[in-house]
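# Understanding the architecture of this molecule
The primary structure of each chain is shown beneath.
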Amino acid sequence: METLAKTQQKKSAKPLRKVTGAEAVILSLLKEGVDTLFGYPGGAIMPVYDALYHYQDRLNHILVRHEQGASHAAEGYARVTQKTGVCIATSGPGATNLVTGIADAMIDSTPMVCITGQVHKSLLGTDAFQETDIIGITMPVCKWNYQITHAGEIPEVMAKAFYLANSGRPGPVVIDISKNAQLEEVDFTYNKCRSIRSYFPKQMPKESSIIAAAEIINHAQRPLILAGHGILLSGAQQVFRKFVEKSGIPAGSTLLGLSALPTRHPNYVGMLGMHGNYAPNLKTNEADVIIAVGMRFDDRVTGNLKTYAKQATVIHIEIDPSEINKNVKADIPIIADAKCALEELLQRISPKKYPEWMREFGMAKEIEHREIIGPSTAPCKGPIKMAEVVARLSEMTEGKAILTTDVGQHQMIGARYYAFDETDSWVTSGGLGTMGFALPAAFGAKVGRPEKEVVALIGDGSFQMTLQELATIKQTGIPIKIIILNNRFLGMVRQWQELFFEKRYSFTEMDNPEFTQISKGFGIPAEKIEKREELAAAMKRMLDSKESYLLEIMVEKEDNVFPMVPTGSCVSKVRLK
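Reference entry: report on the structure contained in this document.

## A short note on the sheet that holds strand 15 (residues 402–405)
In any sheet, the strands associate via hydrogen bonds between backbone groups, in a parallel or an antiparallel arrangement. Strand order in the open sheet made by the 6 strands is 16-15-17-18-20-19, with parallel pairing throughout. Strands at the two margins of the open sheet, each flanked by one partner only, are strand 16 (426–427) and strand 19 (526–529). Judged from the 5 bridges that link them, strand 17 (residues 454–459) and strand 18 (residues 481–486) form a sheet pairing that is parallel. The partner of leucine 457 across the bridge, within strand 18, is isoleucine 483. Here helix 19 (residues 438–448) sits on the sheet in contact with strand 15, strand 16, strand 17 and strand 18, set at roughly 175 degrees to strand 17.

Dropping the structure here:
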């Protein structure tokens, strides 16, 4: 005889629904709250696309023109929403075309679930048509991957994928699904993953570490905060601002930490690193305490590690234990989510001001403004400079647009001269340095934040990597603004060739096509300007447009980005020219 409990359990249990594995994939996405996915169909993923046909009212699928565009678009979406981006592709070349975006998401800690089709289970290992070992290929560049070979695995694996992608230190997850698993039937039930044995994604900071760090901070004389991407990933922007204002400590930012604190905040002293601002680079080696929050001491920030901040007591707040002591020794490591750690520290630090220390930053800033910023943003004559374009864009958008960039001189100029007023408004490829990132990331960001103005700032070299995505933008009607800074060079490589290779410009000069004609061919309005007096009106036309708009600006051909810390040099040896 059944017990009452078992009888009640049977009555309350939801009836199982029998669906194909392909439909189980779609239902799993819906259970995870996914509203958008970026992809490109093909033979091995066709059953999933067939199932998707019946859910178009609930899932917005954006057809890209190259699978790399799908992965970068998913990154852009994730970066501005803090949700998990989703992209989908077929087997073989479809899957391998995602790899650049997967690697990019891995090093920049971007949550993403990448779904790839695979040949039938019986054909695995036979070199079947469009068979590629995507699991082996992506193992070094993703947080987790798994190959599904029967339909019954789909719900559990999908739940685990989403949990892993957006917990702890976020990152990309790859799910490869054989074609037979998509066609088989499964009794569909879905339970969100809440934990995984031996995986502890969010540790609370040790009280002893918090007490020790607060004691050091409270007695510091010349402290400096290094704000990293982890502040944005943990949603710690508000508590971080409170921490900065209560502590009174000057705060510099890594490239990916930009917009964690408004650029115009009185305690913000500029960007760190190779092409960062003069003051924070110069003063790093004069600080007695460094509080690094959610950053990994990348080589572009530290320069020569043998000479980096040897005089400072280093407090390192970092969620990933593997980053502690990897590059820079932490005197007080705090292994925790940045938000949790800052909330604990905020209660223990004393209100303080550092007028003399801040004055030193101000003096260094004045030097940079006199030597570099002023002449670059308000030149009296000569060709248009990249910096004046970005400074005007910042002014015209009041620092409230989302800015996406590729990699190179335009990226550094965007980071230096756009005054970010709102958080989660800077989307760029940091650790991997991926050309072709900006355009697909821009429409991904616009889908995620449709109320925001999204501007893709792109170099002429980078634009030619993924310009086919103009077709995606046109077909979907996604209104983004595109600025091409055309200097007819691979600018950053040329700058290095000028400075370190005696001006041997080896294969960096570019004979470019007519970008405006290409844009118009895709049905997107475009114009090209070459004169400074045309700049303001052209930018206004671009920003006023209700549809996508491409503005090509011919800029100084051999303009350089300064300050600069040469590779292998000490950060305090930052060059102004």
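Alright, that's what it looks like, and here's the rest.
## As for the pattern of salt bridges
Per the stated rule, a full pass over the model turns up 31 salt bridges. Measuring nitrogen to oxygen at the nearest pair gives 2.8 Å for the salt bridge that ties arginine 17 to glutamate 23. Of the residues examined, arginine 17 reaches a relative accessible area of 42% and is grouped as partly exposed. On the basis of relative accessible area, glutamate 23 is assigned to the buried category, the value being 17%. Notably, a salt bridge pairs lysine 452 with glutamate 422, separated by 2.2 Å at the nearest N-O pair. A residue pair is termed long-range when its members are at least 10 positions apart, and lysine 452 in the loop between helix 19 and strand 17 and glutamate 422 in the loop between helix 18 (409–417) and strand 16 qualify at 30 residues. Under the relative-accessibility criterion, lysine 452 is labelled buried at 9%. Within this structure, Arg169, Asp320, Glu323 and Lys326 form a network of salt bridges that share partners.

## A word on the nonpolar core
By size, the foremost hydrophobic cluster in this structure holds 97 residues, and its most contacted members are Ile334, Ile483 and Ile553. When sequence neighbours within four positions are dropped, the list of residues in contact with isoleucine 334 reads Pro205, Ser209, Ile210, Ala213, Ile315, His316, Ile317, Glu318, Ala341 and Leu345. Counting 42 residues, the second largest nonpolar core, distinct from the first, contains Leu27, Val34, Ala51 and Ile148.

## Focus: the packing of helix 10 (residues 207–218) against helix 15 (residues 338–348)
Close contact between helix 10 and helix 15 brings their axes to 9 Å; oriented N to C, the two are set at 55 degrees. Between helix 10 and helix 15, the angle is such that the two are oblique. Read as a crossing pair, helix 10 and helix 15 show a hand that is right-handed. Every residue of helix 15 that contacts helix 10 at Glu207, Ile210, Ile211, Ala213, Ala214, Ile217 and Asn218 is listed here: Ala341, Glu344, Leu345 and Arg348. Of the residues that constitute the contact of helix 10 with helix 15, the class distribution is 7 nonpolar, 1 polar and 3 charged.

## Observations regarding the state of the cysteines
The full count for this structure, using the stated rule, is 0 disulfides. You can see cysteine 193 has no disulfide; the closest cysteine sulfur is in cysteine 142, sitting 16 Å from it. Cysteine 193 gets classed as buried once you look at its relative accessible area, which sits at 19%.

Reading the values: rules and limits
- Residues numbered from 1 in each chain as written.
- Predicted model: local features only at pLDDT ≥ 70, side-chain atom pairs only at ≥ 80, totals over all residues.
- Heavy atoms only, no water.
- Pairing = 2+ DSSP bridges.
- Helix = DSSP H or I, 4+ residues; strand = E, 2+ residues; numbered from the N terminus.
- Contact = heavy atoms within 4.5 Å.
- Axes fitted to C-alpha atoms, helices over the stretch in contact; angles between N-to-C directions.
- Salt bridge = Lys/Arg side-chain N within 4 Å of Asp/Glu carboxyl O.
- Buried < 20%, exposed > 50% of the residue type's maximum accessible area, 1.4 Å probe, protein only.
- Core = buried A, V, L, I, M, F, W, Y, C linked by side-chain atoms within 4.5 Å.
- Parallel < 35°, antiparallel > 145°, perpendicular 65-115°, else oblique.
- Left-handed = near helix turned anticlockwise from the far one by under 90°.
- Nonpolar A, V, L, I, M, F, W, Y, C, P; charged D, E, K, R; others polar.
- Disulfide = S-S within 2.5 Å.

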